[in-house]
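Here are the chains, one letter per residue:
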Amino acid sequence: DAKTTQPNSMESNEEEPVHLPCNHSTISGTDYIHWYRQLPSQGPEYVIHGLTSNVNNRMASLAIAEDRKSSTLILHRATLRDAAVYYCIQGTSYGKLTFGQGTILTVHP
Amino acid sequence: DTGVSQNPRHKITKRGQNVTFRCDPISEHNRLYWYRQTLGQGPEFLTYFQNEAQLEKSRLLSDRFSAERPKGSFSTLEIQRTEQGDSAMYLCASSFSVAGPSGNTIYFGEGSWLTVV
């Protein structure tokens, strides 16, 4: 299964932007990049996904490198509620998601 | 949209007992997935259904585990002769997908916690 590489942890201050990086060097042309986040004792929550071009939604923005070997999840103004584990997932086969360890995001007030 | 519903949310059982978890996916979602998550780890794929057909099973799904999705609606995950190593959160997810690209959004339930004592 395809693997992505993310930093184990990152920290941010409230109201500041957060850029969460992800490397997916083995990505194929039809693989999407998915981002999910998970709060303690809850199921993963969909954040955003994209294929080639940058994507925006109400939660975040996804910037995908031109060669598609890396991407960055952007939270424009971090809040305390954004503190979570963020998972970057490369592609899916029949919709299957292969989770890695994710990035633990800490947001300081 | 009521989301993906899982029951029970918490289950404590003695080693050797059987347990069953139920998942009700989002209405009209044709794909349903089961994952397992232990403390400090990301969710691990167990199996998935396209309508009522079970199309893929992980090696993690031993013979003691069985999943069904009769009529392509709700699903059950049964664990027979539970072991302490089965203690984990069992997550159900669903999506509406047609054959083709992998860009479908998958929605997760809140999970069912299993503790085997």
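Note: the structure precedes this text.
Please read all numbers here as calculations on a predicted model, not as lab measurements.

Rules behind the numbers
- Note that residues are indexed from 1 along each chain, following the sequence as it is written.
- Following the order in which they are written, the chains are lettered starting with A and the ligands numbered starting with 1.
- Where totals are concerned, whole chains, interfaces and linings use all residues; where local detail is concerned, this predicted model gives features only for residues with pLDDT of at least 70, and gives and counts side-chain atom pairs only at 80 or more.
- Water and hydrogen atoms were dropped before computing side-chain values, which therefore reflect all heavy atoms in the structure.
- Under the scheme applied here, a residue whose accessible area is under 20% of the maximum for its type counts as buried, over 50% as exposed, and between as partly exposed, the area being computed with a 1.4 Å probe on protein chains only.
- For the purposes of this entry, the term helix denotes a DSSP run of H or I that reaches at least four residues, the term strand denotes a run of E that reaches at least two, and both are numbered from the N terminus.
- When DSSP finds two or more bridges between a pair of strands, those strands are recorded as paired.
- Among buried residues, the Ala, Val, Leu, Ile, Met, Phe, Trp, Tyr and Cys ones that are joined through side-chain atoms within 4.5 Å form a nonpolar core.
- Contacts are assigned to residue pairs that have any heavy atoms within 4.5 Å of one another.
- Lines fitted to C-alpha atoms define the axes here, with helix axes fitted over just the stretch in contact, and angles between the N-to-C directions of these axes take values from 0 to 180 degrees.
- Here a salt bridge means any side-chain nitrogen of Lys or Arg lying within 4 Å of a carboxyl oxygen belonging to Asp or Glu.
- Stacked, edge-to-face and tilted are the three classes for Phe, Tyr and Trp ring pairs, Trp counted by its six-membered ring, which pair at centre distances within 6.5 Å; planes under 30 degrees apart are stacked, over 60 edge-to-face, the rest tilted.
- Whether a charge lies above a ring is judged from NZ of Lys or CZ of Arg, which has to be within 6 Å of the ring centre and within 35 degrees of the ring normal.

1. Observations regarding the pairing of strand β5 (residues 44-50) of chain B
All names here are of chain B.
And then number 1: Where burial is concerned, most of β5 is hidden: 5 out of the 7 residues are buried.
And then number 2: Pairing geometry for strand β4 (residues 31-37) and β5, over 6 bridges, is antiparallel. By the bridge assignment for β5, arginine 36 is matched with glutamate 44.
And then number 3: The hairpin formed by β4 and β5 contains 6 residues between the paired strands, and glycine 40 there has a positive phi angle of roughly 80 degrees.

2. Digging into the nonpolar core
And then number 1: Leu20(A), Trp35(A), Val47(A), Leu73(A), Leu75(A), Tyr86(A) and Leu105(A) are the most contacted members of the largest nonpolar core, which totals 20 residues.
And then number 2: Contributing elements (two or more residues each) for this core: β2 (18-23), β3 (33-38), β4 (45-50), β6 (61-64), β7 (70-75), β8 (84-90) and β9 (103-108) of chain A.
And then number 3: Discounting chain neighbours no more than four positions away, the residues touching Tyr86(A) are Gln6(A), Leu20(A), Trp35(A), Tyr36(A), Arg37(A), Leu73(A), Leu75(A), Gly102(A), Thr103(A) and Leu105(A).
And then number 4: If you look at the next biggest cluster of nonpolar residues, it comprises 19 residues, including Ile79(B), Ala88(B), Tyr90(B) and Val116(B).

3. What to know about the sheet that holds β3(A)
Residues and elements named next belong to chain A.
And then number 1: Taking strand neighbours across the sheet as the criterion, the 5 strands line up as β1-β9-β8-β3-β4 in an open arrangement whose pairing is mixed. With partners counted over all chains shown, the strands left at the sheet margins are β1 (9-13) and β4, one partner each. Strand-to-strand, the axes of this sheet are offset by a mean angle of 25 degrees, without reference to chain direction.

4. A look at the pattern of salt bridges
And then number 1: As enumerated under the stated definition, the model contains 6 salt bridges over all chains in all.
And then number 2: Here Arg37(A) ties to Asp82(A) by a salt bridge, and the two come within 2.8 Å at their closest N and O atoms. Highlighted residues: Arg37(A) in strand β3 and Asp82(A) in the loop between β7 and β8, separated in sequence by 45 residues.
And then number 3: On the accessibility criterion, Arg37(A) (12% relative accessible area) is buried.
And then number 4: A salt bridge links Arg22(B) to Asp24(B); the shortest N-O distance between them is 2.8 Å.
And then number 5: Judged by its relative accessible area of 35%, Arg22(B) falls in the partly exposed class.
And then number 6: The structure contains a network of salt bridges with shared partners spanning Arg37(A), Glu45(A) and Asp82(A).

5. Description of the packing of aromatic side chains
Residues and elements named next belong to chain B.
And then number 1: Here the structure, examined in full by the defined rule, presents 11 aromatic pairs over all chains.
And then number 2: For the ring pair phenylalanine 65 and tyrosine 90, a centre distance of 6.4 Å and an interplane angle of 40 degrees mean the geometry is tilted. Of this pair, phenylalanine 65 sits in strand β7 (residues 65-68) while tyrosine 90 sits in strand β9 (residues 88-95), and the two are 25 residues apart along the sequence. Comparing phenylalanine 65 with tyrosine 90, the two get one shared label, buried.
And then number 3: For arginine 22, the ring lying beneath its charged end belongs to phenylalanine 74, and the centroid distance is 3.9 Å.

6. A few points about the sheet that holds strand β5 (residues 55-56) of chain A
And then number 1: If you trace the 4 strands from one edge of the open sheet to the other, you get β2-β7-β6-β5 (chain A), paired in antiparallel fashion. Each edge of the open sheet carries a strand with a single partner, namely β2 and β5 of chain A.

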